Amino acid sequence: MSARTKKAAELAVFTAVAFIFSYIESLFPLPIPFPGIKLGLANLIILVVLCQDGMRAAFCVSITRNVLNALTFGSLFGLFYSLAGSVLSLLVMAALLSRKSSPFSLAGISAVGGVLHNIGQFFVAAVLAGFSAILNYLPFLYFAGLIAGVLTGVLAEMCLRRLPRAARRSFL
């Protein structure tokens, strides 16, 4: 099997796991009064792929998972929300990871990604519903993204430490 085929198979498995994590998370909504706030367990997989394989691979896994979720469990509007959050957070996390001497830990980078994911979704909602109609929701999205991002980052660090040394990033 060629290295390229192996990598495609690996990314397909990561996509499947992220898709399954999204599904499991939808079965057990958090007991909080704010709709749409989740832990984002699928983002754990995206973060691991970003650290291990880079932006392009993480982007492919993320977009594929978002489209699969929308086609299987969601809607076109759900896809818009997911894509806005995913693309914005992934771009910034990749930029922070690409710096040779980043002042952030992986948990910090993931926290930034979690906040930006929710802000991306907030802007889609603002376009659809009007900014003033949802402005009061922004602080809850901020703190939910921060908490979920830190948790995801810590879990990603634990996963990445179990990878072979050649696949690890220098900050681990």
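Since the model is a prediction, treat every value here as computed from it, not as a measurement.

Asker: Any chance you could explain the overall build of the protein chain here in plain terms?
Answerer: Secondary structure assignment for the protein chain yields seven helices and zero strands. Along the chain direction, N to C, the helices and strands of the protein chain fall in the order α-α-α-α-α-α-α. The C-alpha atoms of the protein chain give 16 Å as radius of gyration, which agrees with the globular expectation for 172 residues (16 Å, within 12%). For the protein chain, the C-alpha atoms occupy an extent of roughly 50 × 35 × 25 Å along the three principal directions. Buried residues in the protein chain amount to 38% of all 172 residues. Within the protein chain, counting contacts between residues at least 6 apart in sequence, those at least 24 apart form 71% of the total. Here the protein chain holds 13 positive side-chain charges and 4 negative ones, and the gap between their average locations is 6 Å.

Asker: Looking at this model, I keep getting lost on the packing of aromatic side chains. Mind explaining?
Answerer: Taken as a whole and judged by the stated rule, the model has six aromatic pairs. The interplanar angle of 80° and the centroid separation of 5.6 Å between the aromatic rings of Phe122 and Phe131 together place this pair among those described as edge-to-face. Here Phe131 falls in the partly exposed class, since its relative accessible area comes to 43%. Among the aromatic residues, those joined into a ring-pair cluster are Phe19, Tyr23 and Phe73.

Asker: Got a minute to help me understand the pattern of salt bridges in this structure?
Answerer: Side chains that carry opposite charge are capable of pairing whenever their charged atoms lie near each other. In the structure shown here, the tally under the stated rule is two salt bridges. Of the charged contacts, one joins Glu10 and Lys7 as a salt bridge, the two residues approaching to 2.8 Å between their closest N and O atoms. Of the two residues, Glu10 and Lys7 both sit in helix H1 (residues 3-27), three residues apart, roughly one turn of that helix. Taking relative accessible area as the criterion, Lys7 reaches 30% and is therefore assigned partly exposed. Through salt bridges with shared partners, one network takes in Lys7, Glu10 and Asp53.

Cut-offs applied
- Residues numbered from 1 in each chain as written.
- Predicted model: local features only at pLDDT ≥ 70, side-chain atom pairs only at ≥ 80, totals over all residues.
- Heavy atoms only, no water.
- Helix = DSSP H or I, 4+ residues; strand = E, 2+ residues; numbered from the N terminus.
- Rg over C-alpha atoms; globule rule 2.2 N^0.38 Å.
- Buried < 20%, exposed > 50% of the residue type's maximum accessible area, 1.4 Å probe, protein only.
- Contact = heavy atoms within 4.5 Å.
- Lys, Arg positive; Asp, Glu negative; His and termini not counted.
- Charge placed at Lys NZ, Arg CZ, Asp CG, Glu CD.
- Phe/Tyr/Trp six-rings, centres within 6.5 Å; stacked < 30°, edge-to-face > 60°.
- Salt bridge = Lys/Arg side-chain N within 4 Å of Asp/Glu carboxyl O.

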